[in-house]
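For reference, the chains in residue letters:
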Amino acid sequence: MIIAGGTDCLGLLKNKVLPVYPEVLVNIKNISGLHYIEEDAGGLRIGALAKLADIASSPVVRERYGVLAEAANSVASPQIRNMGTLGGNLCQEVRCLYYRCSPLTGRDYFCLRKGGRTCFAVSGDNRYHAILQGKGCFAVCPSDTAIALSVLEARIAIKGANADRLLPIADFFTVMGNVLGPDEMVQEIQIPKPPAGGRQTFRKFRLRKAIDFAVVSLASLITVEGGVCEDARIAIGAVAPTPFRAREAEEAIRGKSITAATAQAAANAAVAGAVPLSMNAYKMEITKTFVKRAILDAAL
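Residues numbered from 1 in each chain as written. Predicted model: local features only at pLDDT ≥ 70, side-chain atom pairs only at ≥ 80, totals over all residues. Heavy atoms only, no water.

J.: Describe unusual backbone geometry, naming the residues involved and giving the relevant values.
T.: The phi dihedral of glutamine 133 falls on the positive side, at around 60°, and the residue is not glycine. Phi is positive for isoleucine 211, which is not a glycine, with a value near 75°. One can find isoleucine 211 in the loop between strand E10 (199–205) and strand E11 (216–225). (Helix = DSSP H or I, 4+ residues; strand = E, 2+ residues; numbered from the N terminus.)

Right under this line is the structure:
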């Protein structure tokens, strides 16, 4: 198992959460040349070992890729951001209480994600689980930076033992985690320059202002000219097993004048395909509110 910042993997190992305990930890945190944050003519390049705190405070990221700076700054606490890496934030395991339940507590759930046949959240406590695109496993993608990178339409460079790959971020995540093989790791995140004049926003609803993972999060990049939406990118976090691009909401507002009515129509479109579980329908209202506010704020 790879260890970089260790903020996720050490907790998994100490609590014996993983179905198969790794025999070896491979420390990559001191590999030179993977900590960079660099901009060139094509856009921004960030090494997988770049710390979240460095991304949040980078003048280049804050000025031109602000949605990513805001997302990185929202992660956990300063101590976690000083240790956690961008690659690790993208690859972290889900926070599902059934998956994370430690056998050291005397209870253990052999869920679908661990090789079992049941997602215990479906008939159990599913307050923080998926309302969109849930299939089999209803645990949600926990990465804040993934939501921001979705609207920035980033690409993930993967280093493998036999071959390298470059994937759009939409193709990196799966319902059960990500596409990395056992002999692969994230090497770099590539972000094209965002459209000029676009308003970037990141919002995160959580029970406590610090530390907590998102109940619902939203990243947006919306371009408005003369009161009309020229382009819209909206991604929603903590509502689906993968970062969710609200493309129906984007289409609902693109080319239209920004008004309370059109913003509400787009907000409704964002959750048009939602199928809430027994305890998480409230996420729909938070999602709609975030989408509506993001659109109206872009027109200010």
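Back to the text.
J.: Please provide a residue-by-residue account of the sheet that holds E10, values included.
T.: Strand order across the open sheet formed by four strands is E10-E11-E12-E13, with antiparallel pairing between neighbours. Two strands lie at the open edges of the sheet, namely E10 and strand E13 (244–245), each paired on one side alone. Sheet analysis places E11 next to strand E12 (residues 228–237), joined by nine bridges and oriented antiparallel. Residue pairing for E12: glutamate 225 is matched across the bridge by valine 228. Of the strands in this sheet, E10, E11 and E12 are in contact with helix H12 (residues 282–298), which crosses E11 at around 25°. (Pairing = 2+ DSSP bridges. Contact = heavy atoms within 4.5 Å. Axes fitted to C-alpha atoms, helices over the stretch in contact; angles between N-to-C directions.)

J.: Could you give me a rundown of the side chain of threonine 287, with the residues and numbers involved?
T.: Within the fold, threonine 287 resides in helix H12. By relative accessible area, threonine 287 is classed as buried at 1%. Engagement of the side chain of threonine 287 in a polar contact is seen with the backbone oxygen of lysine 283, the distance being 2.8 Å. Filtering out sequence-adjacent residues up to four positions away, threonine 287 remains in contact with Val216, Ile236, Val239 and Val271. (Buried < 20%, exposed > 50% of the residue type's maximum accessible area, 1.4 Å probe, protein only. Polar contact = N/O pair within 3.5 Å; in protein donor to acceptor, adjacent residues only side chain to side chain.)

J.: Hey, could you go over the pattern of salt bridges for me, with residue numbers and the actual values?
T.: Going through the model one piece at a time under the given rule, you end up with 21 salt bridges. A salt bridge links glutamate 39 to arginine 64, with the shortest nitrogen-to-oxygen separation between them at 2.6 Å. One end of the pair, glutamate 39, is in strand E3 (residues 37–40); the other, arginine 64, is in helix H3 (residues 59–64), and 25 residues separate them in sequence. What makes glutamate 39 partly exposed here is its relative accessible area of 27%. With a shortest N-O distance of 2.7 Å, arginine 127 and aspartate 125 are connected by a salt bridge. Connected through salt bridges with shared partners, the residues Glu153, Asp231, Arg233, Arg245, Glu250, Glu251 and Arg254 form a single ionic network. (Salt bridge = Lys/Arg side-chain N within 4 Å of Asp/Glu carboxyl O.)

J.: Report on the environment of cysteine 119, specifying residues and quantitative values.
T.: For cysteine 119, the location among the structural elements is in the loop between helix H7 (97–100) and helix H8 (144–151). Taking the C-alpha atoms as reference points, cysteine 119 and tyrosine 109, ten residues apart in sequence, are found 9.3 Å from one another. When sequence neighbours within four positions are dropped, the list of residues in contact with cysteine 119 reads Leu112, Gly136, Cys137 and Phe138.

J.: So what's going on with the packing of helix H4 (residues 66–73) against H8? Residues and values would help.
T.: Two numbers describe a pair of packed helices, the interaxial angle and the distance between the axes. Interaxial distance between H4 and H8 falls to 8 Å at its minimum, and their mutual angle equals 175°. Relative to H8, the element H4 lies roughly antiparallel. The residues of H8 that touch H4, namely those facing Val67, Leu68, Ala71 and Ala72, are Asp144, Thr145, Ala148, Leu149 and Val151. Partitioned by chemical class, the residues of the contact of H4 with H8 number seven nonpolar, one polar and one charged. (Parallel < 35°, antiparallel > 145°, perpendicular 65-115°, else oblique. Nonpolar A, V, L, I, M, F, W, Y, C, P; charged D, E, K, R; others polar.)

J.: How would you sum up the sheet that holds E3? Please name residues and give values.
T.: Ordered in space as E3-E4-E9-E5-E6, the five strands form an open sheet in which the pairing is antiparallel. The open sheet has two free edges, formed respectively by E3 and strand E6 (165–168), since each of these has just one partner strand. Averaged over all adjacent pairs, the angle separating strand axes in this sheet is 25°, with direction ignored. Inspection of the sheet shows strand E4 (residues 43–47) paired to strand E9 (residues 184–192) by five bridges, in the antiparallel sense. Note that in E9 the partner of arginine 45 across the bridge is glutamine 190.

J.: I'd love a proper account of the side chain of threonine 201, names of residues and values included.
T.: For threonine 201, the position within the fold is in strand E10. Taking the relative accessible area as the measure of exposure, threonine 201 reaches 10% and is therefore buried.

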